[in-house]
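Working through the structure, step by step
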Amino acid sequence: MSAMSGLVEDVLLGSHTNYAADGYRLIEVEPLSGALGAEISGVDLSEDLSDDQFEEVHRAFLDHCVIFFRDQNLTPEQHKAFARRFGELHVNPFIPGIEGHPEIIPIAKEPEDRYSVGHGWHSDVTFTEKPSLGSVLYARELPPHGGDTLFANMYMAYETLSEGMKDLLDGVYAVHRAGAAFGPDKLTSEEAVDGIKAVKFQYSPETEQSAEHPVIRTHPETGRKALYVNSTFTVGLRNMRQVESDTLLSFLYQHATNPEFTCRFRWTDGAMAMWDNRCTQHYPINDYHGQRRILHRVTILGDKPF
Ligand code: SIN
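To start, this report covers the structure provided alongside it. (Residues numbered from 1 in each chain as written. Predicted model: local features only at pLDDT ≥ 70, side-chain atom pairs only at ≥ 80, totals over all residues. Heavy atoms only, no water.)

**A short note on the overall build of the protein**
Defined as follows: Helical segments are the DSSP runs of H or I of at least four residues, strand segments are the runs of E of at least two, and each set is numbered from the N terminus. Computation of the radius of gyration draws on C-alpha atoms alone. For the globule rule, the value is 2.2 Å times the number of residues to the power 0.38. Buried means the residue's accessible area, taken with a 1.4 Å probe over protein chains only, is under 20% of the maximum for its type, while exposed means over 50%, and partly exposed covers the values in between. Throughout, a residue-residue contact means that at least one pair of heavy atoms, one from each residue, lies within 4.5 Å.
Check the secondary structure of the protein and you find nine helices and 15 strands. Taking 2.2 N^0.38 as the reference for a compact globule, 306 residues should give roughly 19 Å; the C-alpha atoms of the protein span a radius of gyration of 19 Å, in line with that estimate. Oriented by its inertia axes, the alpha-carbon framework of the protein measures out at about 55 × 50 × 35 Å. Burial status across the protein gives 53% buried among its 306 residues. Sequence separation of at least 24 residues holds for 83% of the intrachain contacts in the protein that already meet a minimum separation of 6.

**Structural notes on the state of the cysteines**
Convention followed: Here, a disulfide means two cysteine sulfur atoms that sit within 2.5 Å of each other.
For the coordinates displayed, the defined rule picks out zero disulfides. Not engaged in a disulfide, the cysteine Cys65 finds its nearest cysteine sulfur in Cys279; these two sulfurs lie 3.9 Å apart. We classify Cys65 as buried; its relative accessible area is 2%.

**What to know about the pattern of salt bridges**
Where we set the bar: Salt bridge, as used here: a side-chain nitrogen of Lys or Arg that lies within 4 Å of a carboxyl oxygen of Asp or Glu.
Across all of its chains, the model carries 17 salt bridges by this definition. We note a salt bridge from Arg84 to Glu103, for which the minimum N-O separation is 3.4 Å. In this pair, Arg84 is assigned in helix α3 (residues 76–84) and Glu103 in the loop between α3 and β4 (104–109), connecting sequence segments 19 residues apart. Note on Arg84: relative accessible area 45%, which makes it partly exposed. Glu244 serves as the salt-bridge partner of Arg241, at 3.7 Å between the closest nitrogen and oxygen. Each member of the salt-bridge network shares a partner with another, and the members are Asp48, Asp51 and Arg85.

**Thoughts on the sheet that holds strand β2 (residues 38–41)**
Our working definition: Here, any two strands with at least 2 DSSP bridges between them count as paired. Lines fitted to C-alpha atoms define the axes, with helix axes restricted to the stretch in contact, and inter-axis angles between N-to-C directions lie between 0 and 180 degrees.
Here seven strands make up an open sheet; going across it, the order is β1-β2-β3-β13-β5-β15-β4 and the pairing mixed. The sheet terminates laterally at β1 (28–31) and β4, the two strands that pair on one side only. Strand-to-strand twist of the sheet, defined as the mean angle between neighbouring strand axes without regard to direction, takes the value 25°. Sheet topology note: the strand β5 (residues 132–141)/strand β13 (residues 272–276) ladder contains five bridges and is antiparallel. Paired with Gly134 across the bridge in β13 is Asp276.

**What about the environment of Gln291?**
The topology assignment puts Gln291 in the loop between β14 (280–284) and β15 (293–301). A sequence separation of 52 residues divides Gln291 from Asn239, and the C-alpha atoms of the two residues are 45 Å apart. Those residues in contact with Gln291, other than ones at most four positions away along the chain, are Lys109, Glu110, Pro111, Pro143 and Pro144.

**Quick notes on the nonpolar core**
Going by this rule: Side-chain atoms within 4.5 Å link the members of a nonpolar core, which is a set of buried Ala, Val, Leu, Ile, Met, Phe, Trp, Tyr and Cys residues.
By size, the foremost hydrophobic cluster in this structure holds 58 residues, and its most contacted members are Phe151, Val215, Leu227, Val229 and Trp267. What Phe151 contacts, discounting residues up to four positions off in sequence, is Leu36, Val66, Phe68, Trp121, Phe261, Thr262, Cys263, Phe265, Ala273, Trp275, Gln281 and His282. Tyr24, Ala60, Leu62 and Ile67 belong to the second-largest nonpolar core, a separate cluster that totals 29 residues.

What follows is the structure, encoded as structure tokens:
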């Protein structure tokens, strides 16, 4: 490979993903794109999964980074019970939960709203010391079309960097700040107040919260390396001038969302998506103006990135 080579395609050619699709006995797993994502069938999430079923769902989650289920009929308790099989639940300080369930936040947009919650590429709550392991999003009310969600694979984003860029980023930490998305200026902005009336954001002193995480993190369960910066919460790179970190980050954000690293999920009534925040980013497509879209999200706590 010449110094100028090392193109994304060169790396992708040498790394065919060979999913262990036949290793499942209790569930069916259908990959959604060449990069990530799989639809799981043969599971009713309103029931307590047996340990064997859970082991297969968990394996599919690790193999495919985001998994999807269709036609589920879940109460908020059942939604939380499924997520709790993976870990403790997060209570979002800025987005009040639905009534009686502080751990379930509404991802809502009303017909008159301009924006949806979480617009822009991101991984969830990366501003905390121990950011999220994963999130479980369940469709309650959908527009007739539009409102799909994109996901991008951050293992691929890392693996397709040149060796020079990998060396440069080795040992570099990024600063992630809650205030970048939930600061007082953001919460009182036209966008939050008038733009998303469906969700009542609230001020929390946790807006001051920030955390430093390695730009390249190692997934604690798979051992694989993944790019771990996002344009919603990452505000800079430690020990670098702002211009240096802005330049590097803007390249990394663009690289991370290369279409070849993505999949696109079309929601249907009763669908559920569960993504791994340690190795993916997601982007809700805001293309259903004048329509209502209501989903409920539970966010699972994770470990300190290393
Ligand atoms: C989110 O959880 O960030 C929103 C995802 C979506 O609305 O599809």
